[in-house]
Every structure is written in C-alpha cells, then in structure tokens.
Amino acid sequence: MEGGGAKDGSAAAAQTRGSGDDGSHKPLAPCCLKAKVAAAESEAKCHATVVSGWFTEPRSHSGKINKVQYFNNPMWPGEAHSLKVENILYQGKSPYQEILVFESSTYGNVLVLDGIVQLTEKDECAYQEMVTHLPLCSIPFPKSVLVVGGGDGGVLREIARHASVETIEICEIDQLVIDVCKDFFPQLSIGFKDPRVQLHVGDAVDFLRNAPEGKYDAIIVDSSDPIGPAQELVEKPFFQTIARALKPGGVLCNQAESMWLHTHLIQDMLSICRETFKGAVHYAWTSVPTYPSGVIGFLLCAKEGPAVNFLSPVNPIEKLEGAMEAGREIRFYNSEVHRAAFVLPTFVRRELESHNTCAEKDKSETKSVAKPMKMKIMPNSAILTAS
C-alpha cells in the first residue's frame, strides 16, 4: 500500500482536492499517485492488480512449467514487494473498492483493498496495537472512543483491553469489508463482539460533522491513504471536525504515512494539526514489514485543555488489569516501545523541524506585513517614528 497503513475504506465520497481551505486543486506529488498496473496474465487466476512480470515459471525436473503466483503491491514507483500466493480465498467488489483475500506462504492471510495490502495475519499486531495504545495510554481513564475506518476490527480488539472505556463507536463506510474480515480474519474481527461497540456504517466525514461537540476522549483515524476521495481526510476541515468532537484534552491518533517516502505529507499534516488542536502534536512511527518501506507513522494530537504528554505513557498498559491477555496476548506494544516510537531518525527530525521553522517564519512575516504601523510625532520635532 502506498505509505502503508491505508485502512478499510473510510474515505469520504469526494474527488481529489487540494489542501487549501478554498478547496482549490493542488497537484499530488508523484509518490502519492497510484501506479498504473499492467493487466494480469490471462492464464493466472489471481487478482487483477497483480503485475505481469511478477509471475515466475520454474521448470520441474521433467521440464514441465509450474506456474507460481505472486502478489505485487503496485503503489510506490520504482520499488516492488511481492508475496507468494498459496490460495485465493476471496475476490469481490463493494460499491467502494475491490476486495481480495489470499493466503500467503509467509505472512498468513492477507487483506488487499484496491490492490493495496492492508494487513497480514503475521504483522498486523504492530499497526493495530500502536495506533490504539499510543493515544489511549497517554491519557488517564479514557471513557469514550471513536474509530474512523477500521472495518477489520483490529483497533476495536485493542481498545477493548482498556476497562475504563465505556463506549466504543466505529464509523466504517464499507459493510463488505466488515463481513469479509469476519470470515477470514476472526482474530481481528473479534473486536466487534465487545458489547461496548456501536457500529455506524456510513461516511466518516458526515458522521463527524454531526457528532456532538466535546463527546470523545479519543478518536483513532484508521483510514485510507490520502489519494483520490480519501484526500479529504488529511485536510484542515476534517481535522477541525475532529477537534470539535473531542473533549478538552482529548486526543487524536491518525495514520500518517512513511517517513521514508512521504515527509511532504507529514509536514503538511503537522502544520495543519498544530494550528487546529493547540495542544501537543507529535509524529511517531513503527515497523510493519508488509507496508512500503517497512514503516508507518502516526500523528498524535491533543486538543487544548488538560496537558497531554504523549512521550511517556501515564496510563501504562502493563498496569491495566487483564489488558495484556484480554482476548489475545499483546505481541508488539509495551511502554518502552511507546517511548521509543517518538524518537525520530536525524534526517526526519531535521526535515520536520526545518519545515516547522519555515512555517513559523512565514506566519510571522505575514503578520508583520499585515500589521498597520503606528505613527508617533515626537514632541518639538518634525521626525515621524514607526513602531
């Protein structure tokens, strides 16, 4: 998947837009465009987005050709990552996207939406646990949580570990994704069985516009990559609706792309969120082998109100009764990994700090230019001074 972490079709039904408040068109960077995928080989019984050339034809000792299928993720130009296909388990199409589930030889079952790997049984824990516990372990006793997207149920499974949570709402646009995951990923969809879960099938943008102000302690955006209709989910109006729906001191965790591939997107998102949320805003990251570049990032934002320190968990998972084993043993997240997630490589820190400095300078210069000069006439003098 492009940028990794693109999740289950929570995208609003909008066309590609720019990031300006006026909705003006802004060209996407080359790395944010979907690669055109060659037609699959006609003989191959595999998903239509499998790229011709990623099939091999090993010959047996008798000289007979044995077709071996590979699924290639086409979402980042100049690179390729393939998974060997053992069996195609499901192929279908919803009103929103193509859905594929296949059994791989090394990562277990794999969920693919519109040709983009969403999750695998082997490494889903890294994404699901981090996107959930980074925000929820940073605030004391979260009670009301909203998930945007997340139709596989994995984030719900992780939220359920927090006994303080009283209501878990999820807004997912694609019912078919939910149904397919219940059939082929029961270890994730178990999250829907928690009695605290309230499912809303529909558009996340509309849902948040109509949400009561100050309702949620935490919102987790487990959404598609910012391509096409999903671009609305990384623009300022969407973040404003999230901030409005959060309580003072409430927190957001938003899927935030790969630091190796998309620093320009991360810079834009950080700038928007610092203007919008007023509280602490940080970028964190984790390792997910089947996402492009092997990493995925998270944007952590706190709404103005009681101070939030994301860098060190105030609500450590190890001290929550039963949380480490609830439903399934935690495999990836712990308090040490939480702290380490905010330690950025030097090149990332440099690029993000440089962008922030430039943004602050531009803002300062704009204010300076716009500020009217106050003219003073000094006593007994014809000299004018400006301040």
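Fair warning: this is a prediction, and the values are worked out from it, not measured in the lab.

K.L.:
What's the story with the overall build of the protein chain in this structure? I'm lost.
P.N.:
Secondary structure summary: the protein chain contains nine helices and 14 strands in total. Put simply, the protein chain has 387 residues, and 51% of those count as buried. Considering only contacts in the protein chain between residues 6 or more positions apart, those separated by 24 or more positions represent 68%. Of the roughly 17,500 Å² of accessible surface on the protein chain, a fraction of 54% belongs to carbon and sulfur atoms.

K.L.:
Explanation requested: the packing of helix 6 (residues 236–245) against helix 7 (residues 263–277) in the structure shown.
P.N.:
Their axes nearest at 10 Å, the elements helix 6 and helix 7 cross at an angle of 40 degrees. Classified by the angle their axes make, helix 6 and helix 7 are oblique. Considering how the two elements wind past one another, helix 6 and helix 7 form a crossing that is right-handed. When helix 6 is examined against helix 7, the residues Lys236, Phe239, Gln240, Ile242 and Ala243 are found in contact with a partner set consisting of Met269, Ile272, Cys273, Glu275, Thr276 and Phe277. Classifying every residue of the contact of helix 6 with helix 7 by side-chain character gives seven nonpolar, two polar and two charged.

K.L.:
I would appreciate a short explanation of the nonpolar core in the present structure.
P.N.:
Soluble, globular proteins show a tendency: their nonpolar side chains are buried together. Formed by 38 residues in total, the largest nonpolar core has its most connected members in Leu134, Ile159, Phe298 and Leu300. Contributions of two or more residues to this core are made by helix 1 (124–136), strand 6 (144–149), helix 2 (154–159), strand 7 (167–172), strand 9 (216–222), strand 10 (246–255) and strand 12 (295–303). Sorting elements by how many residues they give to this core places helix 1 first, with six residues. If we ignore the near neighbours within four places in the chain, the residues touching leucine 300 are Leu134, Pro135, Leu252, Cys253, Ala280, Val281, His282, Ala284, Phe310 and Phe342.

K.L.:
Is there a simple way to explain the pattern of salt bridges in this structure?
P.N.:
A side chain with one charge can pair with a side chain of the opposite charge if their charged atoms come near. For the structure on display, the rule yields eight salt bridges. Residue arginine 209 pairs with aspartate 206 through a salt bridge whose shortest N-O separation is 3.0 Å. Placement of the pair is arginine 209 and aspartate 206 together in helix 5 (residues 204–209), with a separation of three residues, close to one helical turn. Residue aspartate 206 is classed as partly exposed on the basis of its relative accessible area, which comes to 39%. Taking the shortest distance from any N to any O, the salt bridge between lysine 236 and glutamate 275 comes out at 3.0 Å. Of the two residues, lysine 236 is situated in helix 6 and glutamate 275 in helix 7; the sequence distance between them amounts to 39 residues.

K.L.:
Looking at this structure, how should I read the side chain of glutamine 255?
P.N.:
Note on placement: glutamine 255 falls in strand 10. The buried category is assigned to glutamine 255, whose relative accessible area is 2%.

K.L.:
Help me understand unusual backbone geometry, please; the structure alone is not making it clear to me.
P.N.:
Negative phi is the rule for most residues except glycine; trans is the rule for most peptide bonds. Of note in this structure, glutamate 257 is not a glycine but carries a positive phi near 70 degrees. Counting through the fold element by element, glutamate 257 comes out in the loop between strand 10 and helix 7. Of note, the phi angle at lysine 278 is positive, near 70 degrees, even though the residue is not glycine. Residue position: lysine 278 is located in strand 11 (residues 278–287). Given a relative accessible area of 55%, lysine 278 falls into the exposed group.

K.L.:
I'm lost on the UniProt feature "active site" (unreviewed entry) in the protein chain in this one. Help?
P.N.:
Within this numbering scheme, the UniProt entry marks Asp222 as carrying the feature "active site" (unreviewed entry). Mapped onto the fold, aspartate 222 is located in strand 9.

K.L.:
What is the right way to look at the side chain of threonine 290 in this model?
P.N.:
By secondary structure assignment, the location of threonine 290 is in the loop between strand 11 and strand 12. If near-sequence neighbours (up to four positions away) are discounted, threonine 290 is found in contact with His81, Tyr107, Val117, Thr120 and Asp123.

K.L.:
Whenever I open this one, the confidence of the model for the protein chain confuses me. Can you help?
P.N.:
Note that predicted coordinates carrying low pLDDT should not be read in detail. Counting all residues, the mean pLDDT for the protein chain is 79, and 68% of those residues have values of 70 or more. Contacts from residues 1–25, a stretch scored under 50 in pLDDT, to residues over four places away or in other chains number 110 contacts.

K.L.:
What am I meant to see in the sheet that holds strand 10 here?
P.N.:
The pairing of strands in a sheet comes from backbone hydrogen bonds and takes either a parallel or an antiparallel form. In spatial order, the strands read 8-7-6-9-10-12-11; together these seven strands make up an open sheet with mixed pairing. Edge positions in the open sheet fall to strand 8 (197–201) and strand 11, since each of these has one partner strand only. Adjacent strand axes in the sheet meet at a mean angle of 15 degrees, parallel and antiparallel pairs treated alike. Note that strand 10 and strand 12 share five bridges and pair antiparallel. Counterpart to glutamine 255 in the pairing with strand 12 is phenylalanine 298. Along the sheet face, helix 6 touches strand 9, strand 10 and strand 12 and points at about 140 degrees away from the line of strand 10.

K.L.:
Can you walk me through the pairing of strand 10 in this structure?
P.N.:
On a regular strand, each side chain points to the face opposite its neighbour's, so the side chains alternate between the two faces of the sheet. Taking burial as the measure, the ten residues of strand 10 include eight buried ones, the bulk of the element. Bridge count for strand 9 against strand 10 is five bridges, and the pairing is parallel. Paired with alanine 218 across the bridge in strand 10 is valine 251.

Analysis parameters
- Residues numbered from 1 in each chain as written.
- Predicted model: local features only at pLDDT ≥ 70, side-chain atom pairs only at ≥ 80, totals over all residues.
- Heavy atoms only, no water.
- Helix = DSSP H or I, 4+ residues; strand = E, 2+ residues; numbered from the N terminus.
- Buried < 20%, exposed > 50% of the residue type's maximum accessible area, 1.4 Å probe, protein only.
- Contact = heavy atoms within 4.5 Å.
- Areas by Shrake-Rupley, 256 points an atom, 1.4 Å probe, with all protein chains shown as cover.
- Axes fitted to C-alpha atoms, helices over the stretch in contact; angles between N-to-C directions.
- Parallel < 35°, antiparallel > 145°, perpendicular 65-115°, else oblique.
- Left-handed = near helix turned anticlockwise from the far one by under 90°.
- Nonpolar A, V, L, I, M, F, W, Y, C, P; charged D, E, K, R; others polar.
- Core = buried A, V, L, I, M, F, W, Y, C linked by side-chain atoms within 4.5 Å.
- Salt bridge = Lys/Arg side-chain N within 4 Å of Asp/Glu carboxyl O.
- UniProt positions renumbered as here; feature names shortened; annotations may be inferred.
- pLDDT = per-residue confidence, 0-100.
- Pairing = 2+ DSSP bridges.

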